[in-house]
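Examining the three-dimensional arrangement
Spelled out, the chains give:
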Amino acid sequence: MSQDLKATLGKLAAGEALSADEAEAAFTVIMSGDATPAQIGALLMAMRVRGETVPEITGAVRAMRARMTAIEAPPGAIDVCGTGGDGAGTLNVSSAVTFVVASLGVPVAKHGNRALSSRTGGADVLTELGVNIDAPMERLPIILREAGAVFLFAPRHHPSMRHAAGPRVELGTRTIFNILGPLSNPARVKRQLTGVFSPDWTRPMVETLAELGHESAWLVHGQGLDELTVAGENQVTSLKDGSIRTFSVTPEDAGLPRAPVAAIKGGDAGFNAEALLGVLRGVTGAYRDTVLLNAAAALIVAGRAADLRDGVDQAAKSIGSGAALNALETMRRVSTAA
């Protein structure tokens, strides 16, 4: 049992919030394996019931980043990912976006996992597509350099998370850990497009990224999904050079038609992989339009597109020319090389 956590738990029990330094110290104890399951569960639920604050999230992310296995990435690298937890079971949008954006010269260090709250996670669909998500750590920067994109499998880079795994499963509800992963990219990217399971979290997560020194970000939520959708209005909170603002975007803003969320419902890894390949091979429809919309947002975050219409135009040309499909084939080849 950690004596260090007792005072912290007492403070939380009284309804008080932790400073960033106090949260960092508490999560350092947890990630070092020095806290009991009861202490971890109590801390997580006290924060959840009261509502996690930006300083608490910031401190927790600092503790997590201090223990992650990091890799080097080129300047301007971006992450495209979602928090999960929306329960919608859609196709793997951010995985498809990875290859479109990479083919346009933006390095993508994609952080992800197997399916936890969804049916098919990024790791599942990429494995189905022949990408080696377990490539040796020393090869990951090489893959990123040669393929323009790399998949960073979260459990390999955040081994300290295992200490909280048991209590998280037993609690069976969302905790602060659900939002720490997307804020702890192992390539230490300073730019990211991140989908959030609830619109209430777009601003706190952007404020956390600002505290951590990020340059550019869009935190997005669309019609119940942790990504931008062509089904209707989307909420965005953006960060650019220290300035934060919240606004909405629609598919019409990007020159795209609307389609219901049901049009991008996914299935198992094989089903989703075929659908992703279809998009990269030029199959039109709601899935392609959703990928175009999110790729456009990623290009804005990366400083490569002036607006959504410009981004959609670039992304469509990438797919049409075969460049996006070639990016997948290159990543598959380089990741499996001896």
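Look up a bit, the structure's there.
Residues numbered from 1 in each chain as written. Predicted model: local features only at pLDDT ≥ 70, side-chain atom pairs only at ≥ 80, totals over all residues. Heavy atoms only, no water.

**Observations concerning the packing of aromatic side chains**
Counted by the stated rule, this structure contains three aromatic pairs. Ring geometry for phenylalanine 27 against phenylalanine 177: centres 5.7 Å apart, planes inclined by 65 degrees, an arrangement best described as edge-to-face. Residue phenylalanine 27 is located in helix α2 (residues 20-31), and its partner phenylalanine 177 is located in helix α10 (residues 177-180); the two are separated by 150 residues in the primary sequence. Note on phenylalanine 177: relative accessible area 3%, which makes it buried. When the ring centre of phenylalanine 247 is taken as reference, the NZ or CZ atom of arginine 245 above it lies at 4.2 Å. (Phe/Tyr/Trp six-rings, centres within 6.5 Å; stacked < 30°, edge-to-face > 60°. Helix = DSSP H or I, 4+ residues; strand = E, 2+ residues; numbered from the N terminus. Buried < 20%, exposed > 50% of the residue type's maximum accessible area, 1.4 Å probe, protein only. Lys NZ or Arg CZ within 6 Å of the ring centre and 35° of its normal.)

**Here we look at the environment of serine 95**
Locating serine 95 in the fold gives a position in helix α5 (residues 93-103). Serine 95 sits 151 residues away from threonine 246 along the chain, and the two C-alpha atoms are 25 Å apart. Not counting residues up to four positions away in its chain, the partners in contact with serine 95 are Lys110, Gly122, Val125 and Leu276. (Contact = heavy atoms within 4.5 Å.)

**Quick look at helix α12 (residues 269-280)**
End to end, α12 covers 17 Å across 12 residues, agreeing with the expected 16 Å (1.5 Å per residue, within 8%). Considered for burial, the residues of α12 that qualify are Ala269, Asn272, Ala273, Leu276, Leu277, Gly278, Val279 and Leu280. Buried residues along α12 sit against α5, α6 (122-128), α13 (286-301), α14 (308-321) and α15 (323-336). For α12, the N-terminal capping position is held by aspartate 268, with its side-chain oxygen 3.3 Å away from the main-chain nitrogen of glycine 270. Positive backbone phi, approximately 105 degrees, marks glycine 282, located one or two places after α12. (Expected span 1.5 Å × (residues − 1). Polar contact = N/O pair within 3.5 Å; in protein donor to acceptor, adjacent residues only side chain to side chain.)

**Considering the pattern of salt bridges**
The full count for this structure, using the stated rule, is seven salt bridges. Two residues, arginine 191 and glutamate 215, come together in a salt bridge whose shortest N-O distance is 3.1 Å. In this pair, arginine 191 sits in strand β4 (residues 191-195) while glutamate 215 sits in the loop between α11 (202-211) and β5 (216-222), placing the two residues 24 residues apart along the sequence. Classification of arginine 191 by relative accessible area gives partly exposed; the value is 21%. With a relative accessible area of 37%, glutamate 215 lands in the partly exposed category. Of the charged contacts in the structure, one is a salt bridge between glutamate 207 and arginine 203, with a shortest N-O distance of 3.1 Å. Taken together, the residues glutamate 207 and arginine 203, both in helix α11 and four residues apart, mark about one turn of the helix. Given a relative accessible area of 27%, glutamate 207 falls into the partly exposed group. Its relative accessible area of 36% is what places arginine 203 among the partly exposed residues. (Salt bridge = Lys/Arg side-chain N within 4 Å of Asp/Glu carboxyl O.)

**Let's talk about empty space enclosed by the protein**
One simple way to see leftover space: roll a probe sized like a water molecule over the atoms. Scanning the entire structure with this criterion turns up one cavity of 30 Å³ or more. When its volume is computed, the largest cavity comes out at roughly 40 Å³. Forming the walls of the largest cavity are Val131, Asn132, Ile133, Ala135, Leu140, Ile143, Val150, Phe151, Met331 and Ser335. Within the residue set of the lining of the largest cavity, elements represented by two or more residues are α7 (140-147), β3 (149-153) and α15. Of the residues assigned to the lining of the largest cavity, the class counts are eight nonpolar, two polar and no charged. (1 Å grid on protein atoms, 1.4 Å probe; cavity = no way out; pocket = protein on both sides within 12 Å on 5 of 7 lines; lining within 4 Å. Points joined across faces, edges and corners; volume = space filled by probe spheres on them. Nonpolar A, V, L, I, M, F, W, Y, C, P; charged D, E, K, R; others polar.)

**Concerning the side chain of serine 238**
With respect to the secondary-structure elements, serine 238 resides in strand β6 (residues 234-240). In this view, serine 238 contacts Val206, Ala217, Trp218, Ser243, Ile244, Arg245 and Phe247; residues no more than four positions away in its chain are not counted.

**Side note on α14**
The terminal C-alpha atoms of α14, which comprises 14 residues, lie 20 Å apart, in line with the 20 Å expected from a rise of 1.5 Å per residue. All of the buried residues along α14 are Leu308, Gly311, Val312, Ala315, Ser318 and Ile319. The arc that holds every buried residue of α14, seen down its axis, measures 125 degrees, which confines them to one face. Opposite the packed face of α14, turned more than 90 degrees from it, sit the exposed residues Arg309, Lys317, Gly320 and Ser321. For α14, the elements touching its buried residues are α5, β5, β7 (243-249), α12, α13 and α15. If you check the start of α14, you find a side-chain oxygen 3.2 Å away from the backbone N of arginine 309, and it comes from aspartate 307. Glycine 322, located one to two residues past α14, shows a positive phi value of around 90 degrees. (Arc of directions from axis to C-beta.)

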